[in-house]
Structure formats: C-alpha cells, structure tokens
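Architecture at a glance
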Amino acid sequence: MRIFVLIFLMFSGYFGKAQSDIDTLGTTMEFENFLGLVREFHPIAKQANLNIAKAKAGVLKARGAFDPKIEANYEGKEFLGSDYFDILQTSLKIPTWYGVEFKAGFDDADGVFLNPQQFIPDDGRIFSAGISVSLGEGLFINKRMATLRTAKLIRELSLAERTLEINQVLTDASLSYFNWLKTYRELKLYERFLKNAETRFQGIKRQVEQGDKAAIDSIEAGITIKNRRLNLEQSKLAYRKSQLAMEGFLWIKNNVPVVLEKDVIPELNLSESVDEILGISANLGDAFILEEHPKIRALQQKVNILEVDKKLKADKLKPRLDANYNFLTSDAERINSFNFRDFKAGFSFSLDLFLRKERGDLKIARFKVQDAELAYKNEFIQLQNKIAANYESLLSFEEQWFLLDGIVKDYAQLLTAEERKFNLGESSVFLVNTRERTLIDTELKQIGLEAKRFKTKVALFNSLAIDPQLSF
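Residues numbered from 1 in each chain as written. Predicted model: local features only at pLDDT ≥ 70, side-chain atom pairs only at ≥ 80, totals over all residues. Heavy atoms only, no water.

Across its full length, the protein carries 10 helices and 11 strands. Looking at the 472 residues of the protein, the share that counts as buried comes to 39%. Taking the contacts inside the protein whose residues are at least 6 apart along the sequence as the reference set, 76% of them involve residues at least 24 apart. Accessible area for the protein stands at about 27,100 Å²; split by element, carbon and sulfur atoms hold 55% of it. (Helix = DSSP H or I, 4+ residues; strand = E, 2+ residues; numbered from the N terminus. Buried < 20%, exposed > 50% of the residue type's maximum accessible area, 1.4 Å probe, protein only. Contact = heavy atoms within 4.5 Å. Areas by Shrake-Rupley, 256 points an atom, 1.4 Å probe, with all protein chains shown as cover.)

Structure, rendered in structure tokens:
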C-alpha cells in the first residue's frame, strides 16, 4: 500500500519542524525532516537495530552456560514381592567463571539388592557438598568463558556495524535528495529562461509587424523558444526520475512506502544548515579521533574475537587434569561442618602425546589474528587518507563556488547590458542569445558545482561514519 506523504506528515506531526507554509511552488520537504524519516522508518535502519537486539540475545544465551542447574534421578525395582532397590539422586551445580564448579547433593538409597557402591548405612540418606576444578586445560579459559567473551565482543561489533549501516543509508538518501535538488534547480532555470525567450519573441514579433525588425529576427527568436522548450522537457524528465529515486527512501510506520505529491519541492536554502544536519563542521577534521571511528572499532572487535579463539586454542595444548572433592554426611544437622574422614574425591588426567591437531588449530588461529590486524592497519590508513581527501575537496569546492558565483553575476550584467542595447537597436538577437546561452551554461555549471559541493559534504559525512541525532 502506498500513500501520500503530505497526509502522513500533517496528521502524524512529523511536519512540526518542517516548513509549513505553501508557496506558489509547493510544499517544502526539508532535508533534516527527510533524513529523520529515513533514519526512523527505512527498512535497512530497522534491520541495523535488529542486529543489536540479536547480539544482546546472544549474550543472554552465552550467560546461560553459567546458570545453576538442578538434577534429579530416581530408579526403583520391585519383583516377586521383594523391594530390590529404590535410588534417588539429586544435585545442585553452580558453575563459576573460571574452571571451578560447586556442587551440593542429596542421595537416598534403600533396598535388598543395592549395588555395594550405592550402599548407605543407617537411615539410607547422605548429603554432600563439594567442588570440582580443572587444574590444567580449562582453568583460565574454557568453552563457556570463550563463548561469553565472544558474545560480548559481537555485541560491541554490532553497535559499530549498526552505525555504519545507518550512516550508509543516510548517505545514499542524502545523495538522492541533493540530486533531486539539482534537477529542481535546473527545471526552474529552464522555466525562467523559457519565459524570457517568450517575452522577447513577443516583443520582436510586434517590431517585425511594425517594420522595425527584419523577419529573420522573429525566426531566430522562435528557434530559441523551441530549444528552451526542449531543454525544459528534458529537465522535467530528469526531475521526475530524481524525485522517484528520492521517494524510494521514504517509509512510514508498519513498513509502508510513501509517494510525494507533485507540488512537494526540496529545501532550497541548505548551504548554512547542511553541515549541522550532517554533523560535520569546519574543524571536524582536526577534532575527530580516528580510533573511535565505527569501522575501526568494528575491525578491532574482530581482532579481539579472534584473540579469544586463539587463547582457547592455546589452552588446548595443556594436559587435562580435573579434580573433585565432596564432603559427605548422613546427618543434615552437620552439613555445615566438615569431616575430612567422610568424603568422596577423585581426579582424571589425559594428554595427547603429539598434539598435532591442537598445534595446527593454534597456528591457524594465529594466522587469522595476523590477517585481521593487517586489515585493521590498512583500513586505518585508508580512512585517514579518505577523510583528509574529502576535507581538502570540500575546501576547494567552497573556493570554486565563491569564484563561480561572481562569474554568474558578471554574465548576468553582460546579458542585461546586451538586452538594453538590443532594445535601443544597437545589438542583434544573435548576440542576445549568445549572451543568454553563456549565462545559462554558467548557471548550470553553478548548479552542478553546488551539487558536487553537497555531495562532497556527504562523502565527508560517510567517511567519518557519523550517525547524526536527527529530530523532526
């Protein structure tokens, strides 16, 4: 379902900061409000937030490996009137961060044919409390610890990647908006000069009818009108295409795409506000800390994740030595007092003689870390140079804009002077058209330069990976 954005904006309140007045050209879609809608409702922006939620769920899942666990097992047998056995075994296990696990239990066994190992004197009940610990492999890092550490790092990685994804969709949306603005300016330029050509043609036509001008002048003026109309029609097509491309970034609640009404126009006075909207400034190149860049943070988290895996692989080289001790008592009142004469203890030991698999895994893990570190260093330099290049380009375009603005004003004065001479009979239609074409070309160049200037600001915004705080 597609609806018109004006209805949505007016009834939902998102036009609060937008320009509410409707002039002869139509209603303005302000740049900040446009980006605010994109950031809030665009599917890619929503997907980026979903990735954060999934990463948090991953941390919750990893923490589950350290949850206390209650176990109970019952087994009984009765045959030919004899109570062979009734065995109840319960336990509470509490894993901890390092390779230590606390355990408490209660066993109840009774019957004629009990296994000697399960024989319990007196009333057939026994309480236990103890500890098991990994003294070799698994003491300082194990699968549970590595999984939780990795999950936390993935959460941080997702935060950085979300910023990158949102920045990219805002970058693409900004470029489409500025292209829409460029084609709109070109459209209004051709409309203005077509109107001038039609006014000139009517004046020349009257002069030809009065015998003050040659008929050839009206033909040349008519050709100019046809060329202006052709240019205008081409600009209308380019404008409509750019508007449709920009509309592709507009969504509202419930994942509904919207369509702009035809009288909606872009914001024309952006030069002073675009830096603030995008979150860039003239001194940002010096103030920005590259280590805080989301791309750099993401790569650093990838290195950290691989480091955790490398440590886990290195821990596999240690021998496996697990020990356990459990205090035993048949008196529940003595559960808090230790009697070292009544206990159950043991240990297990294992070691692969050649460790070829473990050593191979460790080498692969080290290579992966080295590869990630090289990618980090390369991206650091590339980003540093990219930001510097965009910043220098922006300074150059600002200077070019200042110079070209002066050139446009000079050509406008020349055209005005030529038209005055033409009205006095001291010039020709050809010279007026020549002056006008030069002015049109220069103004088109100015419009193109403005678009390049805005796109360079967007390129700087993208290279800095800013996630601006937008309100609309």
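In this sheet, strand β5 (residues 100-110) lies alongside strand β4 (residues 82-95) in antiparallel orientation, the contact comprising 10 bridges. Bridged to I87 within β5 is A109. The loop that links β4 with its antiparallel partner β5 comprises 4 residues. Alignment of β5 against strand β6 (residues 125-134), held across 9 bridges, turns out to be antiparallel. Looking at the pairing, D108 lines up with R125 of β6. (Pairing = 2+ DSSP bridges.)

For the rest of this paragraph, the subject is the packing of helix α2 (residues 31-41) against helix α3 (residues 43-63). Between α2 and α3, the shortest axis-to-axis distance is 5 Å and the interhelical angle comes to 45°. Of the possible angle classes, the one that applies to α2 and α3 is oblique. Residues V38, R39, E40 and F41 of α2 form the contact with α3, whose own contacting residues are P43, A45 and K46. A class-by-class count of the residues in the contact of α2 with α3 yields 4 nonpolar, no polar and 3 charged. (Axes fitted to C-alpha atoms, helices over the stretch in contact; angles between N-to-C directions. Parallel < 35°, antiparallel > 145°, perpendicular 65-115°, else oblique. Nonpolar A, V, L, I, M, F, W, Y, C, P; charged D, E, K, R; others polar.)

Attention now moves to a positive patch on the surface. Taken together, the side chains of R356, R359, K363 and R366 make up a positively charged region of the molecular surface. By secondary structure assignment, the location of R359 is in helix α9 (residues 356-423). (Patch = residues over 30% accessible without salt bridge, like charges linked within 9 Å, V, L, I, M, F, W, Y side chains within 5 Å. Salt bridge = Lys/Arg side-chain N within 4 Å of Asp/Glu carboxyl O. Lys, Arg positive; Asp, Glu negative; His and termini not counted. Charge placed at Lys NZ, Arg CZ, Asp CG, Glu CD.)

Attention now moves to the side chain of E418. For E418, the location among the structural elements is in helix α9. For E418, the side chain forms a polar contact with the side chain of R435, separated by 3.4 Å. For E418, the contacting residues outside a window of four places in its chain are S427, L431, V432 and R435. (Polar contact = N/O pair within 3.5 Å; in protein donor to acceptor, adjacent residues only side chain to side chain.)

Attention now goes to α2. Extensive coverage of α2 is indicated by the burial of 9 of its 11 residues. Buried within α2 we find F31, E32, N33, F34, L35, G36, L37, V38 and F41.

Another point: the packing of aromatic side chains. One pair of aromatic rings is described through two measures. These are the centre distance and the angle between the planes. One pass over the structure, following the stated rule, counts 12 aromatic pairs. Relative to W97, the ring of F66 lies with its centre 5.6 Å away and its plane at 25°, an arrangement referred to as stacked. Taken together, the residues span a long stretch of sequence, with F66 in the loop between α3 and β3 (69-79) and W97 in the loop between β4 and β5 at a distance of 31 residues. By relative accessible area, W97 is classed as partly exposed at 28%. Feature note: the residues F31, F34, Y177, F178, W180 and F454 constitute an aromatic cluster, connected by ring pairs. (Phe/Tyr/Trp six-rings, centres within 6.5 Å; stacked < 30°, edge-to-face > 60°.)

Mapped onto the elements of the fold, T183 is located in helix α4 (residues 143-210). Looking at T183, the relative accessible area reads 5%, which means it is buried. Filtering out sequence-adjacent residues up to four positions away, T183 remains in contact with A238, Y239 and S242.

The strand order β3-β4-β5-β6-β10-β11 describes an open sheet built from 6 strands, whose pairing is antiparallel. The sheet is open, and its two borders are formed by β3 and β11 (343-350), each paired with just one other strand. Averaged over neighbouring strand pairs, the angle between their axes works out to 15° when direction is ignored.

Overall, the coordinates contain 24 salt bridges when judged by the stated rule. The closest approach of N and O atoms between R185 and E450, which form a salt bridge, is 2.7 Å. One end of the pair, R185, is in helix α4; the other, E450, is in helix α10 (residues 429-464), with 265 residues separating them in the sequence. Residue R185 is classed as partly exposed on the basis of its relative accessible area, which comes to 21%.

Moving on to unusual backbone geometry. Phi is mostly negative for residues that are not glycine, and the peptide bonds are mostly trans. Phi at N255 takes a positive value of approximately 60°, unusual for a residue other than glycine. Backbone geometry at L355 places phi at a positive 55°, although glycine is not the residue there. Within the fold, L355 resides in the loop between β11 and α9.

A few words on the confidence of the model for the protein. Note: predicted coordinates in regions of low pLDDT should not be interpreted at a detailed level. With 89% of its residues at a pLDDT of at least 70, the protein reaches an overall mean of 84. The spread of mean pLDDT over the elements of the protein runs between helix α1 (residues 5-12), the lowest at 40, and helix α8 (residues 294-315), the highest at 93. Note on residues 1-26: pLDDT under 50 across the span, and 53 contacts to partners over four residues away in sequence or across chains. (pLDDT = per-residue confidence, 0-100.)

Geometrically, a packed helix pair is captured by the angle between its two axes and the distance between the axes. Look at α4 against α8: their axes get within 8 Å of each other, and the N-to-C directions meet at 170°. Taken together, α4 and α8 sit at an angle that is classed as roughly antiparallel. Mapping the contact onto sequence places K143, A146, R149, T150, L153, I154, E156, L157, A160, E161, T163 and L164 in α4 and P294, K295, R297, A298, Q301, K302, N304, I305, V308 and L312 in α8. Broken down by class, the residue content of the contact of α4 with α8 amounts to 11 nonpolar, 4 polar and 7 charged.

In this section: the environment of K152. Residue placement: K152 occurs in helix α4. Looking at K152, the relative accessible area reads 32%, which means it is partly exposed. Through-space distance from the C-alpha of K152 to that of K56 is 8.1 Å; in sequence the pair is 96 residues apart.

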